[in-house]
Amino acid sequence: MTEKLITIDSVEPVEIYGVNDVKLNIIKRHFPKLKLVARGYSLKAIGEQNDILQFEKKLNMLVDYYHKTGVLTDTVIERLLGQTGDNLLEKQTDQSGSDVILFGNNGLVIKAKTDNQRRMVSSIFKNDMQFAVGPAGTGKTYTAVALAVRALKNKEVKRIILTRPAVEAGENLGFLPGDLKEKLDPYMQPLYDALNDMVPADKLNQYIENRVIQIAPLAFMRGRTLDNAFVILDEAQNTTESQMKMFLTRMGANAKFIVTGDTSQIDLPNKQPSGLLQALKYLKNTEGIDIIELNNTDVIRHKLVKLIIERYEQAKN
């Protein structure tokens, strides 16, 4: 008889055990030769060594499934535990094709939907810095945030840092109610919107409280070294030349940087030159840096958005 204590501290126990141990009872039925005793984040398995090893393998598969999809239903547990063979997890979670970036809340499938979004996904594996430039609605920010969340879930980085140059907010902060966070949160809302699709609310709050996920205006990046991090600079067309240089030189060890922007929507005051335009010019054909230009064909919002962009471009020509 062998006894082993297995820790599952990477996920809340209720996600594995279920309310009133409903899920745990399903697991127990699939391992009748073992005695399983759950205490918080620890689960004690008592029985023959081979049975315990098989149980531990299956338990890890359940935990991995939850990390990948954000859900673990009774039906999924029955299916995963009832099947045999290799790569069961991949068979269960890769049903939507190779374009899947990750599974968000409630099993939401988040994947690259256009050729240039697929380029963003494949490029970040080969390059540590990426510029994704294109008009509104092309999924630049959403895809970038999805790649960051995937890297965090896969433990490729220790933190995510999301930043924007608060041009409009900076002009009127004094007239807005609340503290600095409350003043800036509305301007950062697109980043929160993406995260809310990908990370459970309680987990997101925990990440933000523990600074695993940091959302802040660009000015807060000055003087920092951003290592072991996936860093996204959004709305980069509104950076000045000095701000862009400051941001790009924050890059530390084991870091991934994605810079997104729309060069047709520059809101800098006094006709200042955009730091994004300068960076695209200076860093073109630089090893380790990829520049991806999204266009009208990548628009994934309402069909009218694509038409609107086309009409505005026609008017300029």
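Residues numbered from 1 in each chain as written. Predicted model: local features only at pLDDT ≥ 70, side-chain atom pairs only at ≥ 80, totals over all residues. Heavy atoms only, no water.

## Details of the sheet that holds strand 1 (residues 2-7)
Ordered in space as 1-3-2, the three strands form an open sheet in which the pairing is antiparallel. The open sheet is flanked by strand 1 and strand 2 (35-39), the only strands paired with a single partner. Here the average twist between neighbouring strands, direction ignored, is 15°. (Pairing = 2+ DSSP bridges. Helix = DSSP H or I, 4+ residues; strand = E, 2+ residues; numbered from the N terminus. Axes fitted to C-alpha atoms, helices over the stretch in contact; angles between N-to-C directions.)

## Looking at unusual backbone geometry
The backbone of R211 sits at a positive phi, close to 65°, despite the residue not being glycine. The phi angle at N285 is positive, at roughly 65°, despite the residue not being glycine.

## Details of the pairing of strand 7 (residues 159-164)
Buried residues dominate strand 7, accounting for six of its six residues. Along strand 7, one buried face is formed by R159, I161 and T163 and the opposite face, lined by I160, L162 and R164, is buried too. Pairing between strand 7 and strand 8 (residues 213-217): five bridges, direction parallel. Across the sheet, residue I161 finds its bridge partner in strand 8, namely Q214. (Buried < 20%, exposed > 50% of the residue type's maximum accessible area, 1.4 Å probe, protein only.)

## A look at a nonpolar patch on the surface
A contiguous nonpolar surface patch, about 410 Å² in accessible area, is contributed by L304, L307, I308 and Y312. As for its placement among the helices and strands, L304 is situated in helix 13 (residues 303-316). (Patch = residues over 30% accessible without salt bridge, like charges linked within 9 Å, V, L, I, M, F, W, Y side chains within 5 Å. Areas by Shrake-Rupley, 256 points an atom, 1.4 Å probe, with all protein chains shown as cover. Salt bridge = Lys/Arg side-chain N within 4 Å of Asp/Glu carboxyl O.)

## Some remarks on the pattern of salt bridges
Inspection of every chain in the model, using the stated rule, returns nine salt bridges. Measuring nitrogen to oxygen at the nearest pair gives 3.2 Å for the salt bridge that ties D227 to R159. Here R159 lies in strand 7 and D227 lies in the loop between strand 8 and strand 9 (229-233), a separation of 68 residues in the sequence. Using a relative accessible area of 29% as the deciding quantity, one classes D227 as partly exposed. A salt bridge links R164 to D234; the shortest N-O distance between them is 2.9 Å. Here R164 is found in strand 7, whereas its partner D234 is found in the loop between strand 9 and helix 11 (241-248), with 70 residues between them in sequence. There is no split in this pair, since R164 and D234 are both buried. Through salt bridges that share partners, R164, D234 and E235 make up one connected network.

## Structural notes on the packing of helix 2 (residues 22-30) against helix 4 (residues 74-82)
Remark: helix 2 packs on helix 4, axes separated minimally by 10 Å, with the N-to-C direction vectors making an angle of 20°. What the angle tells us is that helix 2 and helix 4 run roughly parallel. Relative to helix 4, helix 2 is oriented so that their crossing is right-handed. Taken together, the residues of helix 4 that come into contact with helix 2 (itself represented by V22, K23, I26, I27, R29 and H30) are D74, I77, E78, L81 and G82. Classifying every residue of the contact of helix 2 with helix 4 by side-chain character gives five nonpolar, two polar and four charged. (Parallel < 35°, antiparallel > 145°, perpendicular 65-115°, else oblique. Left-handed = near helix turned anticlockwise from the far one by under 90°. Contact = heavy atoms within 4.5 Å. Nonpolar A, V, L, I, M, F, W, Y, C, P; charged D, E, K, R; others polar.)

## Focus: the side chain of R250
Examined against the element boundaries, R250 turns out to sit in the loop between helix 11 and strand 10 (256-261). For the buried R250, which has no salt bridge, the nearest side chain bearing the opposite charge is D227, at an N-O separation of 12 Å. A distance of 3.1 Å separates a polar side-chain atom of R250 from the backbone oxygen of R224. Setting aside chain neighbours within four positions, we find R250 in contact with M221, G223, R224, T225, L226 and F257. (Lys, Arg positive; Asp, Glu negative; His and termini not counted. Polar contact = N/O pair within 3.5 Å; in protein donor to acceptor, adjacent residues only side chain to side chain.)

## What about helix 7 (residues 140-153)?
Along its 14 residues, helix 7 runs 20 Å from first to last C-alpha, staying within 8% of the 20 Å computed at 1.5 Å per residue. Buried residues dominate helix 7, accounting for twelve of its 14 residues. Two residues or fewer after helix 7 comes K155, characterised by a positive phi angle close to 60°. (Expected span 1.5 Å × (residues − 1).)

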